[in-house]
Amino acid sequence: MGEPAPTPSSPDGDRAENPDRSPWNWLLIIPVVVPLITVLFNHSTPKLFGFPLFYWLQLAFIVLGVGATTLVYQLTKKRGR
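Owing to the predicted nature of the structure, the values given are computational and were not obtained by experimental measurement.

1. Regarding the overall build of the protein
At step 1: Helix and strand content of the protein: three helices and zero strands.
At step 2: Each helix (α) and strand (β) of the protein, taken in turn from the N terminus, gives the series α-α-α.
At step 3: Among the 81 residues that make up the protein, the fraction classed as buried is 11%.
At step 4: Put simply, of all contacts in the protein between residues at least 6 apart along the chain, 51% involve residues at least 24 apart.
At step 5: As displayed, the protein has an accessible area near 7,100 Å², and 66% of this comes from carbon and sulfur atoms.

2. Focus on unusual backbone geometry
At step 1: In this structure, F49 takes a positive phi of about 55° despite not being glycine.
At step 2: Here F49 falls in the exposed class, since its relative accessible area comes to 76%.

3. Notes on the packing of aromatic side chains
At step 1: Applying the stated rule across the entire model yields one aromatic pair.
At step 2: Relative to Y55, the ring of F54 has its centre 5.5 Å away and its plane inclined at 80°; by these criteria the two rings are edge-to-face.

4. Focus: the environment of I29
At step 1: Position of I29 relative to the elements: it lies in the loop between helix 1 (11-17) and helix 2 (30-33).
At step 2: Take I29: its relative accessible area is 40%, and that puts it in the partly exposed class.
At step 3: The sequence separation of I29 and A68 amounts to 39 residues, and the corresponding C-alpha distance is 9.0 Å.

5. Describing helix 3 (residues 53-76)
At step 1: Between its first and last C-alpha atoms helix 3 spans 34 Å; for 24 residues at 1.5 Å apiece the expected length is 34 Å, and the two agree.
At step 2: Of the positions making up helix 3, those classed as buried are L53, L57, F61, G65, A68 and V72.
At step 3: At its buried positions, helix 3 is contacted by helix 2.

6. Section: a nonpolar patch on the surface
At step 1: A surface patch of nonpolar side chains, amounting to about 810 Å² of accessible area, comprises W26, I29, V32, V33, L36, I37, V39 and L40.
At step 2: Along the chain, the position of L36 falls in the loop between helix 2 and helix 3.
At step 3: Residue classification places L36 among the exposed positions, given a relative accessible area of 64%.

7. With respect to the confidence of the model for the protein
Should the pLDDT be low somewhere, the predicted coordinates at that spot are not to be read in detail.
At step 1: Predicted confidence across the protein gives a mean pLDDT of 80, with 74% of residues reaching 70 or more.
At step 2: Across the protein, helix 2 holds the top mean pLDDT of 92, while helix 1 sits lowest at 55.

Rules and cut-offs
- Residues numbered from 1 in each chain as written.
- Predicted model: local features only at pLDDT ≥ 70, side-chain atom pairs only at ≥ 80, totals over all residues.
- Heavy atoms only, no water.
- Helix = DSSP H or I, 4+ residues; strand = E, 2+ residues; numbered from the N terminus.
- Buried < 20%, exposed > 50% of the residue type's maximum accessible area, 1.4 Å probe, protein only.
- Contact = heavy atoms within 4.5 Å.
- Areas by Shrake-Rupley, 256 points an atom, 1.4 Å probe, with all protein chains shown as cover.
- Phe/Tyr/Trp six-rings, centres within 6.5 Å; stacked < 30°, edge-to-face > 60°.
- Expected span 1.5 Å × (residues − 1).
- Patch = residues over 30% accessible without salt bridge, like charges linked within 9 Å, V, L, I, M, F, W, Y side chains within 5 Å.
- Salt bridge = Lys/Arg side-chain N within 4 Å of Asp/Glu carboxyl O.
- pLDDT = per-residue confidence, 0-100.

Here it is, written out as C-alpha cells:
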C-alpha cells in the first residue's frame, strides 16, 4: 500500500543498459520497405515457371528478409559467448 511507484528510466539510461545497439540493425528496414514499393510488382510479366511476377516476387521478398536477418545476426552477434 505504501510502496513507491517505479521511476521511469531516462533515454540515456536505456542506452547504457542495452549495449547491443548496432548500426547494422538499420539493414532490417530493407525487407520492410522493399515490399511496399508497388512499382516493383505491378506487372504480370515476366513469368517464372508459369507464375506471374507478383507471386514469385513475394517469395523473393521472403528470401530477402531471411538474408537480411541472417546478415545482421552474423554481424552483430557477440564473439566468445
